[in-house]
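Fold and contact review
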Amino acid sequence: MFFAVLFLLTVWFAWNLWNVVQLFKGLCERFWTRPMWWLRLLSVALFTGAAAWVFGVSAGGLDTREACELTHYQPYDSDYRAAHSDEPRRMFPLHNKCNASYDLVPSWVNPTVVACFVIAVLCIVVLGWLGVSRALAVKRKELRS
């Protein structure tokens with residue numbers, strides 16, 4: 001099962017690398033009017049957002065005290081962590097603080113996840129709009145005949 005998931009993630013990563021190339025190529029050739037361009041953008045946004053979220057979730061590692069003190073040279077405040085024990089377990093926004101002033105989750109993670117989510121929603125809306133407009137165009141064409 002693990003290898004199947006790893007294989008699928010590898011294929012999705014390779015697909016998104018190809019999509020990034022195609023997105024930039026499509027910008028020059030005005031392909032953003034085609035649904036496939038928006039589907040590629042949706043895939044890249046979802047992959048980037050998921051990767052940023054996983055990076056943020058795993059920022060503290062398995063031992064937060066060790067990550068704070070030995071890796072980031074920050075004091076570990078167990079009283080602060082006890083008072084805010086729900087923060088590291090939340091799905092969003094991601095936080096894993098060593099003390100009141102230092103967060104193990106990088107500051108770019110939460111805005112990246114939000115931006116990717118907004119881009120994904122925009123892509124879904126545009127794909128729906130393109131689908132409806134094309135369906136209406138086909139319907140008009142049938143009515144004329």
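**Focus on helix α1 (residues 2–28)**
Taking 1.5 Å of rise per residue, the 27 residues of α1 would be expected to cover 39 Å, and the 40 Å separating its terminal C-alpha atoms lies within 8% of that figure. Packed against the buried residues of α1 are α2 (35–57). Within two residues after α1, Arg-30 carries a phi angle of roughly 55°, on the positive side.

**A word on the nonpolar core**
Counting residues in hydrophobic clusters, the biggest one holds 9 residues: Leu-23, Trp-37, Trp-38, Leu-42, Val-44, Ala-120, Cys-123, Val-126 and Leu-130. Within the residue set of this core, elements represented by two or more residues are α2 and α5 (109–144). Filtering out sequence-adjacent residues up to four positions away, Leu-130 remains in contact with Thr-33, Arg-34, Pro-35 and Trp-38. Counting residues in each nonpolar core, the second largest holds 5 residues, with Ala-52, Val-105, Val-109 and Val-113 among its members.

**Things to note about the state of the cysteines**
According to the stated counting rule, one finds 1 disulfide in the structure shown. The disulfide partner of Cys-68 is Cys-98, and the S-S distance across this bridge is 1.9 Å. Between Cys-68 and Cys-98 the disulfide shows an S-S torsion of about -95°. By sign, it is left-handed. With a gap of 30 residues between them, Cys-68 in helix α3 (residues 64–71) and Cys-98 in strand β1 (residues 97–99) connect regions that are remote in the sequence. Each of the two residues, Cys-68 as well as Cys-98, counts as buried. Unpaired in this structure, Cys-116 has its nearest cysteine sulfur neighbour in Cys-123, at a distance of 10 Å. Judged by its relative accessible area of 10%, Cys-116 is buried. For Cys-123, a relative accessible area of 0% puts it in the buried group.

**Describing the UniProt feature "transmembrane region" (unreviewed entry) in the protein chain**
Feature annotation in UniProt assigns "transmembrane region" (unreviewed entry) to the following positions: residues 6–24, 36–55 and 112–132. Summarising residues 36–55: 100% helix, 0% strand, and an end-to-end C-alpha distance of 28 Å. Counted over residues 112–132, helix gives 100% and strand 0%. Its end C-alpha atoms are 30 Å apart.

**Points about the side chain of Asn-99**
With respect to the helices and strands, the residue Asn-99 is situated in strand β1. Residue classification places Asn-99 among the buried positions, given a relative accessible area of 8%. Here the side chain of Asn-99 touches Pro-75 through a polar contact of 2.9 Å, landing on its backbone oxygen. Looking at Asn-99, its side chain comes within polar contact range of the main-chain nitrogen of Tyr-102, at 2.9 Å. Excluding residues within four positions of it along the chain, Asn-99 makes contact with Gln-74, Pro-75, Asp-77 and Tyr-80.

**A short note on the packing of α1 against α2**
Two elements in contact, α1 and α2, have axes separated by 9 Å at closest approach and are oriented at 130°. Judged by the inter-axis angle, α1 sits oblique to α2. Read as a crossing pair, α1 and α2 show a hand that is left-handed. Contact residues: α1 offers Leu-9, Trp-12, Phe-13, Trp-15, Asn-16, Trp-18, Asn-19, Val-20, Gln-22, Leu-23, Gly-26 and Leu-27, while α2 offers Met-36, Trp-37, Arg-40, Leu-41, Ser-43, Val-44, Leu-46 and Phe-47. Residue classes in the contact of α1 with α2 are distributed as 14 nonpolar, 5 polar and 1 charged.

Parameters and conventions
Per chain, the residues get numbers from 1 upward, laid out in the order the sequence is written. For this predicted model, a pLDDT threshold of at least 70 governs which residues receive local features, and a threshold of 80 or more governs which side-chain atom pairs are given and counted, while totals over whole chains, interfaces and linings are taken from all residues. Side-chain calculation: all heavy atoms of the structure are included, whereas hydrogens and water are not. Helix and strand definitions here come from DSSP, where helices need a minimum of 4 consecutive H or I residues and strands a minimum of 2 consecutive E residues; each element is numbered from the N-terminal end. Any helix carries an expected span of 1.5 Å times its number of residues minus one. Only heavy atoms enter the contact rule, under which two residues are in contact if any of them lie within 4.5 Å. Residue types Ala, Val, Leu, Ile, Met, Phe, Trp, Tyr and Cys, when buried and joined through side-chain atoms within 4.5 Å, form a set referred to as a nonpolar core. Whether a residue is buried, partly exposed or exposed follows from its accessible area with a 1.4 Å probe, protein chains only, as a fraction of its type maximum: under 20%, in between, or over 50%, in that order. The disulfide definition used here is simple: a pair of cysteine sulfur atoms within 2.5 Å. UniProt positions are given in the numbering used here, feature names are shortened, and annotations may be inferred rather than shown by experiment. Whenever a nitrogen or oxygen atom comes within 3.5 Å of another N or O atom, the pair is scored as a polar contact, on the condition that within protein one atom can donate a hydrogen and the other can accept it, and that pairs from neighbouring residues in sequence are kept only if both atoms are in side chains. Fitted lines through C-alpha atoms give the axes, limited to the stretch in contact for helices. The angle between two N-to-C directions lies from 0 to 180 degrees. Geometric relationships in this document are graded by angle, where less than 35 degrees denotes roughly parallel, more than 145 denotes roughly antiparallel, 65 to 115 denotes roughly perpendicular, and other angles denote oblique. Take the far helix as your reference; a near helix turned counterclockwise from it by less than a right angle gives a left-handed crossing, and one turned clockwise gives a right-handed crossing. Side-chain classes follow a simple rule in which Ala, Val, Leu, Ile, Met, Phe, Trp, Tyr, Cys and Pro form the nonpolar group, Asp, Glu, Lys and Arg form the charged group, and the remainder, Gly included, forms the polar group.

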